[in-house]
Amino acid sequence: MASAREEILQRIRDAKVPPARPVVRGYDRTGPGGVELFAERVADYRAIVHTVTSVPDALKALAGKRIVAPQGVPHEWLIDGVTWLREPLSIEELDRADGVLTGCAVAIADTGTIVLDGGEAQGRRALTLLPDYHLCVVRVDQIAASVPEALQRLEPTRPLTFISGPSATSDIELNRVEGVHGPRTLEVLIV
Amino acid sequence: MARNPVTWLGSPTFPKAAKEALQDTQLRQNLRKATGTIRGRREAAVAEMTDWEQLRVAGEQIKDDVLARLDTLLVQLEESVTARGGVVHWARDAEEANRIVLDLCRAEQADEVVKVKSMATAEIGLNEALEAGGVHAIETDLAELIVQLGDDRPSHILVPAIHRNRSEIREIFQRRMGVEVSDEPADLAEAARVYLREKFLTTRVAISGANFAVADTGSIVVLESEGNGRMCLTLPETLITVMGIEKLVPTWQDLEVFLQLLPRSSTAERMNPYTSVWTGVTPGDGPQRFHLVLIDNGRTATLTDSVGRQALRCIRCSACLNVCPVYERTGGKSYGSVYPGPIGAILTPQLVGDLHDPQAASLPFASSLCGACFEVCPVRIDIPSVLTHLRAEVVEAKGRTAESVAMAAAAWMFREASRYEKAQKAGSLARFLARDGKITSLPWPGSKWTSSRDVPAPPAESFRAWWRKNRG
Ligand code: SF4
């Protein structure tokens, strides 16, 4: 008996689907972009957005809190007065943290999205999932105008997380309600 | 061969089920409110895009290309996933897929698994199969949880509990979670958060679906809102992803089209809160064992139909459900399948693949052919044409039996708003739908339609205009 794999592949060949027309990419691959648009679109998701000149100054608001800081967070972000939690961290420790501070890989102006790829200052995915508060620092040069531009800048085989606003659901009468399983508060610092 | 669980065992034909549903005024109210809200918001989200039509065309063409090169692309996907430490399994049908997943759970000695909403696993009846094998599957998506705790069935692709309003949800939560909770959506969401938190932190095996799989990189993509998906995709040691063989895109670049089309079409957002992408196994981050189960379950048979195969372009956004006048009135459960609404009316019977199955064969008649579904479909599936094509096939296969006459008459009635409204007002619609086979007593010439095997001409513009004015 043929394996399921062979049988399925054979059935596909037997269907003799004719070759398709070439794909016409007539859509816009760029967009207006810009910091203002990004900030506005992030805010539309009811996330908190600030544009700042100094990250350490902005972080003073975290005083007294227990905040996860992934590998690669710049030294000057680790200001005094905050309890910084560093890896290795257990699931329980992450669950008990007050929040997490990260950078990002790319951001998207058109959709108000930040993308994490597990690289510098982002850490593994659980770090930005379990704490209830996520503070993400976005550099202006990381903001891509459009979804196509952002995908082009990303390395697809890294574990990627696209974040557009805080955790939400539309499952009750199709109204968006913030805050289910992911961080209920998302704050974005644009530098 | 075992029956395809894509339709629920014992479901009545569409006209019969619709008759019952039409008598449920609470259901109609819930649906009207929910679909009305989402219709307006989707339109605004789409209107913002100046290149929406070009994106739709590209979406259609990419998916057509996938169907034309499906064998090559699947082999490519298998290679890229395997190269990154994943294991790929193939399943001809639901039974085979369920067995593979159950065996994987057993190998992990898991008696409980967490699940993120997936149409593919609902289609194959995975939860029931796991349960029978001693593995309890916990649904973690809010709407799926409402359905599961309510011992209910899903009625919508995206929001399976769309037929429930907040006070019904409150009642289910209080009864099953044993907690006091108000009917505020935020409180209900909080109750779900607390209820599932520990499960996420302790369960070792997760099962997911996939929105897209990228053939050339092996990357799998899941879009979600709540973060339950991220929990399932990140915390457990083992991840099992079940997906239909058509869920592919050829290249990473192709995602730029679908990541724009899907969120706006489904939840009417510029972007859904969370999209996760992973490729095989990443050391030190997330599940260290990854299994991908590719299921056929009627898809290759669908592929042989040159008109019907376009249903395989579907990206499960649910926009066609939300604009469908028949869906809004009859609700999703009348379709007797996890795929309700316009897409269900064309996909389900093809996956079942048996024109003599009365329930599946009744589904292509569950439409007014108003054309709204085609207008909103992000991958331009010409649902009305597929419906008329499948109707002709059903009539061809069955001949003019009492049953096919009844269904044809139902379809005829759904076509004209005035007929529909009149019938509904007079209360005769429900009566009419009850009378499979007693068409001659009815005051309209249903026989006209059925006396020929010709398929009805597509949409009367009047219905569309009327629908816009009254419900749009
Ligand atoms: S048929 Fe089109 S509109 Fe309907 S769910 Fe599928 S992709 Fe969406």
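Residues numbered from 1 in each chain as written. Chains lettered and ligands numbered in written order. Predicted model: local features only at pLDDT ≥ 70, side-chain atom pairs only at ≥ 80, totals over all residues. Heavy atoms only, no water.

As annotated in an unreviewed UniProt entry, chain B carries the name L-lactate dehydrogenase complex protein LldF and is attributed to Lentzea albidocapillata subsp. violacea.

For chain A, the name recorded in an unreviewed UniProt entry is L-lactate dehydrogenase complex protein LldG, with Lentzea albidocapillata subsp. violacea as its organism.

Colleague: Teacher, can you tell me more about the environment of Gly371 of chain B here?
Modeller: Structurally, Gly371 of chain B can be placed in the loop between α17 (358-362) and α18 (372-376). The spatial distance from the C-alpha of Gly371 of chain B to the C-alpha of Glu128 of chain B is 36 Å, given a sequence separation of 243 residues. (Helix = DSSP H or I, 4+ residues; strand = E, 2+ residues; numbered from the N terminus.)

Colleague: Sorry if this is basic, but what is going on with the state of the cysteines here?
Modeller: By definition, a disulfide links two cysteine residues through a covalent bond between their sulfur atoms. Residue and element names in this part refer to chain A. Taken as a whole and assessed by the stated rule, the structure comprises zero disulfides over all chains. Considering cysteine sulfurs only, Cys104 is the nearest to Cys136, which forms no disulfide, with 4.7 Å between them. Overall, Cys136 belongs to the buried group, its relative accessible area being 0%. (Disulfide = S-S within 2.5 Å. Buried < 20%, exposed > 50% of the residue type's maximum accessible area, 1.4 Å probe, protein only.)

Colleague: Just to check I follow, could you spell out the side chain of Thr330 of chain B for this structure?
Modeller: Checked against the element boundaries, Thr330 of chain B lands in helix α15 (residues 325-330). Leave out the neighbours within four places in its chain, and Thr330 of chain B touches Phe14, Ala18, Ala21, Leu27 and Tyr335 of chain B. (Contact = heavy atoms within 4.5 Å.)

Colleague: Help me understand the sheet that holds strand β7 (residues 238-244) of chain B, please; the structure alone is not making it clear to me.
Modeller: Strand pairing in a sheet relies on backbone hydrogen bonds, with the paired strands running either antiparallel or parallel. All names here are of chain B. The strand order across the open sheet built from six strands is β1-β10-β7-β4-β2-β3, with neighbouring strands paired in parallel fashion. Strands with a single pairing partner mark the edges of an open sheet, and in this sheet they are β1 (86-91) and β3 (136-139). In this sheet, adjacent strand axes meet at a mean angle of 25° when their direction is disregarded. With respect to the sheet, helix α4 (residues 70-83) is in contact with β1, β7 and β10 (289-295), its orientation differing from that of β1 by roughly 150°. (Pairing = 2+ DSSP bridges. Axes fitted to C-alpha atoms, helices over the stretch in contact; angles between N-to-C directions.)

Colleague: Mind showing me how you'd approach the site of the ligand here?
Modeller: Around the ligand sit Cys314, Ile315, Arg316, Cys317, Ser318, Cys320, Ile343, Cys377, Pro378, Val379, Ile381 and Ile383 of chain B, and that is every residue in its neighbourhood. Class assignment of the residues belonging to the shell around the ligand gives a composition of 10 nonpolar, one polar and one charged. (Near = heavy atom within 4 Å. Nonpolar A, V, L, I, M, F, W, Y, C, P; charged D, E, K, R; others polar.)

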